[in-house]
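The chain contents come next:
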Amino acid sequence: MCHGRYTHMFISWLRHIFKTAAFYSYRHLQSLLRLIQHYRSIINGREWDFRERPSLALSSQPVIDQGRPTPPSVTLAVPLLEAPPHSQGGQPRTSLQPQSPTSGDLNGSPNGIAYNAQSPLFTPFIPVHMPKPNIYIPAGVTTPGRITLIPIVPGPQINRYDRHVAIQDVKTAFKVMKGPLDCSEEVAQAAVAGWEPLTHPEGALFFYHPKERVFTDADVRESVIADKIGEAVKEAYRRVHEANIAMHPLIELALELITDDGEEKWGYYFADHDKRIIFWFEDHESRPLMNKVRGVECKSHIRYALEAQYWRHVELFPNKRFLPENVIVKLKEIVMFAQAENITSETCLAPFASEEVASMLGLVESLMSSANEEREHSVWIVARFTRLFCNAKFVNFCGQPGARLDVDQSLYGKPNALPKWIVHFMKFALFGSFDAQSKAIHRIWVDETIVQPRWKNFIDRLTTEWSGYTIYSTVMLAVDISFLAVPAVQNQMSAILLAYLSTLCVLGSLVVSLVLAGQVNDSRRRSAEDVVRFFSYF
């Protein structure tokens, strides 16, 4: 019995030791885990949520997570091929050091930046200066000194719509090989030089070099063109380095092959997606950029022209771009404002009629489903609309002291008028129609700029008026012929002469009405550019 009692006391004492040791071990383990998680949160750069859990009571106070990074904004720039390396502080470091020449880097151009094709996210701007390039010149290629670069603007100077490449008039059927169609050979012709063929939503073929971020309409599948454009790219970035211009990693270069009197030149411009403008590595005065606008003196004014050309660049090369939501929202506000102004004002500055703006508003509403997505058709629509509104701001001197606020307002004073005696003579000779038509034309032709909505209404009114004259002349011609057939009239010479004179006037009115109606229905009714070209002849 005594032996059993001591055994029971020993077991109780041992159980107590184990319970006490486990309790203190749990307290120490709990503190150790709390310390480990605290240091882990410091290392990761954010606070962790130390809320009480079923098996581990750490803290009952909620912690606000302030360290979560905000998602970067989407940009219209073509995504980078590889994300630039980041420093410890989270700032990107852009390396523009010359790369060794390979088959896909345009002969080792100094703009060999690495990019990320999977992410449309915007890279923070870090101004970097182009280093002095180590230009590699392969055998058989002309030296950079023979490459002529001239600054251009994308609007009228990229002649995509005037190339008219002739197609062979062959009536034989194309032989399709057995099995699934494989187009890899045609794609490989451009991919050998690092270029990627892309198809515009309108159907045009153009090429993009992902590493050098270059767009061109030139057919780089021809080895001679590929070599020349490679030298043009190197020369462009060399000149940028010499001009000491800070280059953003997302800046794009566009090149256009121009042949002038047998001499080949390369037109160029850079597109800055951060500022949404185009620029060059040299000072440039461009009449196509001015768009016949006179009196431009401020940088804040010319910026609208540069922004319009930027949107023209996006319009020409919309592929591989993500559409930012804020761009759609801004365009929607502009269209809504234009519609409100069309409804409430007879002198609206919007370059579109009310029904056209209503159709645009419906399209913009549908574009919201394409926000932050890679859809070239939606990008093209936004770029086209935004370019037209930006150009209207430039023409109307938006933000300047003398801004045009009414569509009838002339910024350069009263236009040169004809001498009064000529005006009075024309009014008398044309029974007052000259004055009425002159006032109507001055309402649609302001400062050598066409007011497109009013022009369409003016042409519709003229067409209706001339159609009425045609019907009236036809009726009068039938009346005159019937009058001459009356036997009692045939013996009256004065009546016959008046009838023949009326017949000649009616025939003249009929012919003139038909000719004028035919002229109105030709190309001058199609676009504002054709109308301006027509008025410029006078």
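See the structure above.
Notes on the structure in this doc start here. (Residues numbered from 1 in each chain as written. Predicted model: local features only at pLDDT ≥ 70, side-chain atom pairs only at ≥ 80, totals over all residues. Heavy atoms only, no water.)

Moving on, we come to the overall build of the protein chain. If you tally the helices and strands in the protein chain, you get 14 helices and 11 strands. Here the protein chain holds 538 residues, and the buried ones make up 36% of them. Of the contacts made within the protein chain by residues no fewer than 6 positions apart, 68% connect residues no fewer than 24 positions apart. Here the protein chain has roughly 32,900 Å² of accessible surface; of this, 59% comes from carbon and sulfur atoms. (Helix = DSSP H or I, 4+ residues; strand = E, 2+ residues; numbered from the N terminus. Buried < 20%, exposed > 50% of the residue type's maximum accessible area, 1.4 Å probe, protein only. Contact = heavy atoms within 4.5 Å. Areas by Shrake-Rupley, 256 points an atom, 1.4 Å probe, with all protein chains shown as cover.)

Time to look at the environment of L484. Relative to the assigned elements, L484 resides in helix 12 (residues 452-484). Excluding residues that lie within four positions of it along the chain, L484 makes contacts with Q490, I496, A499 and Y500.

Moving on: the packing of aromatic side chains. For the coordinates displayed, the defined rule picks out 10 aromatic pairs. An angle of 70° between the planes, with centres 5.2 Å apart, marks the rings of F206 and F317 as edge-to-face. On the criterion of sequence distance, the pair formed by F206 in strand 4 (residues 205-209) and F317 in the loop between helix 6 (299-316) and helix 7 (325-344) is long-range, its members being 111 residues apart. F206 gets classed as buried once you look at its relative accessible area, which sits at 0%. Among the aromatic residues, those joined into a ring-pair cluster are Y237, Y268, F270, F279 and F281. Cation over ring: R294 sits above Y412, and NZ or CZ is 4.1 Å from the ring centre. (Phe/Tyr/Trp six-rings, centres within 6.5 Å; stacked < 30°, edge-to-face > 60°. Lys NZ or Arg CZ within 6 Å of the ring centre and 35° of its normal.)

What follows is about helix 4 (residues 223-242). With 20 residues, helix 4 should cover 28 Å at 1.5 Å per step; its first-to-last C-alpha distance of 29 Å lies within 8% of that length. Within the sequence span of helix 4, burial applies to I225, A226, I229, G230, E231, A232, V233, K234, E235, A236, Y237 and V240. Of the surrounding elements, those touching the buried residues of helix 4 are strand 2 (149-151), strand 5 (214-216), strand 6 (246-247), strand 7 (252-260) and strand 8 (263-272). A positive backbone phi angle near 55° is found at N244, which sits one or two residues after helix 4. (Expected span 1.5 Å × (residues − 1).)

Note: strand 3 (residues 196-199) against strand 4, four bridges, orientation antiparallel. In the strand pairing of strand 4, E196 is matched with Y208. Count of turn residues in the strand 3/strand 4 antiparallel hairpin: five residues, of which G203 carries a positive phi of about 115°. (Pairing = 2+ DSSP bridges.)

Between helix 6 and helix 9 (residues 376-395), whose axes approach to 8 Å, the crossing angle comes to 160°. One element, helix 6, and the other, helix 9, form an angle in the roughly antiparallel class. Seen along the crossing, helix 6 lies across helix 9 with a hand that is left-handed. Counting all contacts with helix 6, which are made through H301, I302, Y304, A305, E307, A308, W311, R312, V314 and E315, the residues of helix 9 involved are V379, W380, A383, R384, T386, R387, C390, N391, K393 and F394. (Axes fitted to C-alpha atoms, helices over the stretch in contact; angles between N-to-C directions. Parallel < 35°, antiparallel > 145°, perpendicular 65-115°, else oblique. Left-handed = near helix turned anticlockwise from the far one by under 90°.)

Further remarks concern the pairing of strand 4. For strand 4, the buried fraction is high: four of the five residues fall into the buried class. As judged from the three bridges shared by strand 4 and strand 5, these two strands associate in the antiparallel manner. Opposite F207, over in strand 5, you have T216 as the bridge partner. In sequence, strand 4 turns back onto strand 5 through a hairpin of four residues, with R213 there showing a positive phi of about 60°.

Another point: the pattern of salt bridges. What the rule picks out here adds up to 17 salt bridges. One salt bridge connects E365 with K332, and the closest N-O pair in it is separated by 3.1 Å. Of the two residues, E365 sits in helix 8 (residues 354-367) while K332 sits in helix 7, which places them 33 residues apart along the sequence. E365 gets classed as partly exposed once you look at its relative accessible area, which sits at 40%. The exposure class of K332 is partly exposed, given its relative accessible area of 22%. Residues participating in the shared-partner salt-bridge network are E202, R312, E315, R384 and R387. (Salt bridge = Lys/Arg side-chain N within 4 Å of Asp/Glu carboxyl O.)

On to unusual backbone geometry. Of note, K320 is a non-glycine position whose phi angle comes to about 65°, a positive value. Along the polypeptide, K320 turns up in the loop between helix 6 and helix 7. Notably, N372 is not glycine yet its phi reads approximately 60°, a positive angle. Topologically, N372 is positioned in the loop between helix 8 and helix 9. Note on N372: relative accessible area 35%, which makes it partly exposed.

The next subject is helix 7. Its 20 residues give helix 7 an end-to-end C-alpha distance of 29 Å, which sits within 8% of 28 Å, the value for a rise of 1.5 Å per residue. Within the sequence span of helix 7, burial applies to V327, I328, L331, V335, A338, Q339, E341 and N342. Down the axis of helix 7, the smallest arc covering the buried residues is 165°, so these residues share one side. Turned more than 90 degrees from where helix 7 packs its buried face, F337, I343 and T344 sit exposed. In this fold, the buried residues of helix 7 make contact with helix 6, helix 8 and helix 9. (Arc of directions from axis to C-beta.)

Assignment of secondary structure puts S378 in helix 9. Looking at S378, the relative accessible area reads 10%, which means it is buried. If sequence neighbours within four positions are ignored, S378 has contacts with L323, L367 and S370.

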